[in-house]
Amino acid sequence: MAVSALSRWAREAPVPVFVAIGDGMRERVERLFCDPGIERAATPRHAAILLIAGRMRLEDREDLRRLHDQMPHPRATLLWDAKVGEALGDAEIFSGGTLESDKDAGEAVRDHLERLWQDLASGERPSEPDLLHDEPPNPWEGIGPHGQGGKGMMGGTPYGRPMAMTSDDLRDGLALDTYTARFGPFLPMFPPGLLLEMTLQGDVIQAAKVLRPPLSQKAEENAPAALSRLARLLDLLGLPALGQRTRLAVAGDRSSSTLEKLGRAIRWSGAMLAIPPGLGAVEGQGDLSARLNDLLAVAGGSSPATRPELPESAHLSSLLPGLEWSEAMLVLNSFDDKTLSMLAMVMDEPDEERDGHDHDGDHMRHDHGGHHDHGGSHHEHGRHQGEGGQGGHGDYGSHQGHDPHGSHGGHT
Amino acid sequence: MEIVPWIIIIGVLSVLWIRGVHSVQRSATAPQQIPFLGGGTPDTHAWQRYHIRYYSMTLLFIAFEMEMMFMYPWAVVFVEEGGKAMMEMGMFLAILSIGIVYAWREGLFRWQ
C-alpha cells in the first residue's frame, strides 16, 4: 500500500530531467524548462529522464552514453531531433519536424516527458539497461599488500584511477595536488558542447585547453538572446529567482515596464557589487561587470551594444587560468555565442602542454613528471619516507622533503 | 528509563541507514563511481589535498584570541601579583607574537 502511494505521489511530482543540448536547441530547451511541471536536474544522479535535444557530434556519443549510465534506475531517454543513431540503445524518439511551430513542438515534448515519467514511476515501463561496460578504467583489485590497488601510501590505482600528484600552485607556489579532468561537453553551467581539459588545484584553474568547441546556437544577437544570457549569469550568481523572472520575460511579456522593474530588481540585488573589477577582461570586450552592464542596458530597453572584434590572441586557454571555478563559470557565460566560439577555437598546440605553460611557478612540474607516470614518482616518495626518516607524518613529511624551495614565502 | 527505547530506535535506524548506503555503493557501476563532469572523465582519483586559503587567517585569529583569553584573568590578578604577572604576560605575548610575525612573513597583512 505504502509503496503504491509513493509511486502515485512520484507520478505527480515535477519530472526530473537532465538535458544535453545540441545544435541550435538551447533557446527551445530553456523555454521548455519554464514549465513548472518539469524540473531541470543539475546532475544525472538527480534525474530520471535524459533528454537529448538537437544534433550531436559523433565524438559526443560516448559522453552521452556515460551520462545515461550515471542516472539511477528507473531511467529513460528521450531523443528530440537528436539523430544519434543507435548510440543510446532503444531510446524514445521524438521528432518535431512535422509540427508547425516551435511552441507546438515544446508542448509535445513536455507531454512526452510527462508520459514517460508516469510510466516509469508506475513501473509500466522497464528501466533502461547500462550502455557502457561496468569496468574500472584500469585493473586495481588484488594489487598491493592489502589488495588496495597500490604499493605505498600514495601509489597505485585504487578504483582504477591513479592518485593525484603534487605540482606548483599558480597563486602562491604551494605544491599541492593537481586534478586534471575533461569538463563538459554537457555540464549545465558550460555552454553546450564545450569540452575543456582543465587542471585544477582546489578550485583554482591552473591550465585549460579546449578539446571540443561549443555547439553552434542560433547566432543572431538580439534582445531575447541577451536576456537569456543575463538569466544564466543570474543563476550562476546565486540569484535563481531573478534568473527565472528574466527567463519568463524572454518567453512571454517583454513590455518596457516589466523589463524596467526587472532591471531595477537586479540592480538592487547587489549582483554588481559581487563581481570583482577587472575579472575576465578581454581587450575590446571589457571586463565581466562591463558585459553584465551591457546586458542590463538591454533589459532596460536599449539595443544590444556592439563591441569591437576580438584580438587574435584572446583565447580561453589564456583567459581561464588563475581564476577560481565560480569566476571562470561567470566569465564563460558572459560572452555572446559568436565571441565564445572564437575564444574557444580548438588550437593545435605543439606537444608541450604537459610540461609547462608560460606562467610562473611551472618550473617544478617536471620534477613530478606530470600526472601520467605516477608509478615512478610514487616509488620515490616511498623511498624518501623509508631512508630520510621524515617522521611519522607519512605523505606530509615526504611532501616537505620534495619541496626544493624550502619555504612558501619565497614565491610571493 | 526513557532512554532505552530511544537507543533501540536510533540503533535500528542507523543499521538500516548503513545497510542502505552500503547497498547503494555496491550497486554503483563504474560510470556511476566517477564524479559528474558533464560526460567527461577525470585522470586521477578525486581524493586529493588542496589549499585551504583561509588557513593563515585562522592562525592569526587564534593568536589574537588566545591573547585575549589570558589577558582577562590576568587583569584581575595583576594588581596583587605586580611585576611577576607583568613578566609572565610579557613571555606569553612574546610567544604569540612569533605566530603573528610568521603570518606577516606569509604576506597575510597584504590586502589585495
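Residues numbered from 1 in each chain as written. Chains lettered and ligands numbered in written order. Predicted model: local features only at pLDDT ≥ 70, side-chain atom pairs only at ≥ 80, totals over all residues.

In the annotation of an unreviewed UniProt entry, chain B is listed under the name NADH-quinone oxidoreductase subunit and assigned to Fulvimarina uroteuthidis. Regarding chain B, the UniProt comment filed under Catalytic activity (unreviewed entry) reads as follows: "a quinone + NADH + 5 H(+)(in) = a quinol + NAD(+) + 4 H(+)(out)". The heading Sequence similarities (unreviewed entry) in the UniProt record of chain B holds the text "Belongs to the complex I subunit 3 family." (UniProt positions renumbered as here; feature names shortened; annotations may be inferred.)

It is worth spelling out the overall build of chain B at this point. Regarding its fold elements, chain B presents four helices and zero strands. Mapped from its N terminus to its C terminus, chain B presents α and β elements in the order α-α-α-α. For 112 residues, the compact-globule formula gives about 13 Å, and the C-alpha radius of gyration of chain B, at 26 Å, lies well above that figure. Each principal axis of the C-alpha distribution contributes one length, and for chain B these read about 70 × 55 × 20 Å. (Helix = DSSP H or I, 4+ residues; strand = E, 2+ residues; numbered from the N terminus. Rg over C-alpha atoms; globule rule 2.2 N^0.38 Å.)

Moving on, we come to the interface of chain A and chain B. The partner chain B presents 23 residues to the 41 residues of chain A that form the contact. Only helix H3 (61-70), strand E7 (175-177), strand E8 (179-183) and strand E9 (195-201) of chain A provide two or more residues apiece to the side of chain A that touches chain B. The element best represented in the side of chain A that touches chain B is H3(A), accounting for six residues. (Contact = placed C-beta atoms within 7 Å.)

When the UniProt feature table is mapped onto this chain numbering, "transmembrane region" (unreviewed entry) sits at residues 6-24, 59-79 and 85-104 of chain B. Strand forms 0% of residues 85-104 of chain B and helix 100%; the C-alpha atoms that close the span are 28 Å apart.

Residues and elements named next belong to chain A. Taking burial as the measure, the five residues of E8 include four buried ones, the bulk of the element. Of the strand pairs in this sheet, E8 and E9 are connected by five bridges, and their pairing is antiparallel. When the bridges of E9 are listed, Thr180 appears paired with Thr199. (Buried ≥ 20, exposed ≤ 12 C-beta atoms within 10 Å, placed from the backbone. Pairing = 2+ DSSP bridges.)

For the rest of this paragraph, the subject is the environment of Ala42(A). Residue and element names in this part refer to chain A. Here Ala42 lies in the loop between strand E2 (38-40) and strand E3 (49-53). By C-beta crowding, Ala42 is classed as partly exposed, having 14 other C-beta atoms within 10 Å. Once the C-alpha coordinates of Ala42 and Pro188 are considered, the two residues, 146 residues apart in sequence, prove to be 6.6 Å apart.

Ranked by internal contacts, the top residues of the largest apolar core, which has 88 residues, are Val17(A), Ile49(A), Leu51(A), Ile52(A) and Leu113(A). Once residues within four sequence positions are removed from consideration, Leu51(A) is found in contact with Val17(A), Val19(A), Leu78(A), Trp80(A) and Leu113(A). (Core = buried A, V, L, I, M, F, W, Y, C linked by C-beta atoms within 7 Å.)

Residues and elements named next belong to chain A. The five strands lie next to each other as E2-E1-E3-E4-E5, forming an open sheet whose pairing is parallel. The outermost strands of the open sheet, each flanked by one partner alone, are E2 and strand E5 (92-94). Across the sheet, the mean angle from the axis of one strand to that of its neighbour is 30°, orientation sign disregarded. Pairing analysis gives three bridges linking strand E1 (residues 15-21) to E2, with the strands arranged parallel. Each residue of the ladder has a partner; that of Val17, found in E2, is Arg40. Contacts from helix H4 (residues 102-122) reach E1, E2, E3, strand E4 (76-80) and E5 within the one sheet, and its direction differs from that of E4 by about 165°. (Axes fitted to C-alpha atoms, helices over the stretch in contact; angles between N-to-C directions.)

Residues and elements named next belong to chain B. The end-to-end C-alpha separation of helix H3 (residues 55-81) is 37 Å, in line with the 39 Å expected for 27 residues at 1.5 Å each. In H3, a bend of some 45° at Ala75 exceeds every other bend along the element. A small share of H3 lies buried, amounting to zero of its 27 residues. In the segment just after H3, Gly82 is the residue with positive phi, at about 75°. (Expected span 1.5 Å × (residues − 1). Bend = angle between axes of the 7 residues up to and from the residue.)

In a beta sheet, neighbouring strands are held together by backbone hydrogen bonds and run either parallel or antiparallel to one another. Residue and element names in this part refer to chain A. The sheet built from three strands is open, its strands ordered E8-E9-E10 with antiparallel pairing. At either margin of the open sheet sits one strand with a lone partner, and together these are E8 and strand E10 (204-212). Between one strand axis and the next, the sheet turns by 20° as a mean value, whatever way the strands run. In the sheet, E9 pairs with E10 via seven bridges, with the strands oriented antiparallel. Across the sheet, residue Glu197 finds its bridge partner in E10, namely Lys209.

Residue and element names in this part refer to chain A. The residue after His73, namely Pro74, is reached through a cis peptide bond having omega -10°. A cis geometry characterises the amide bond from Gly184 onward to Pro185, with omega recorded as 0°. Tracing the chain through its elements places Pro185 in the loop between E8 and E9. With a phi angle near 50°, Asp81 is a residue other than glycine that sits in the positive phi range. Following the sequence through the fold, Asp81 ends up in the loop between E4 and E5.

For E9(A), the tally of buried residues reaches six of seven residues, placing the bulk of the element in the interior. Two successive antiparallel strands, E9(A) and E10(A), enclose a turn made up of two residues, where Gly202(A) displays a positive phi of approximately 60°.

On to the environment of Ala207(A), then. Locating Ala207(A) in the fold gives a position in strand E10. Along the sequence, Ala207(A) and Gly184(A) sit 23 residues apart, while their C-alpha atoms lie 15 Å from each other.

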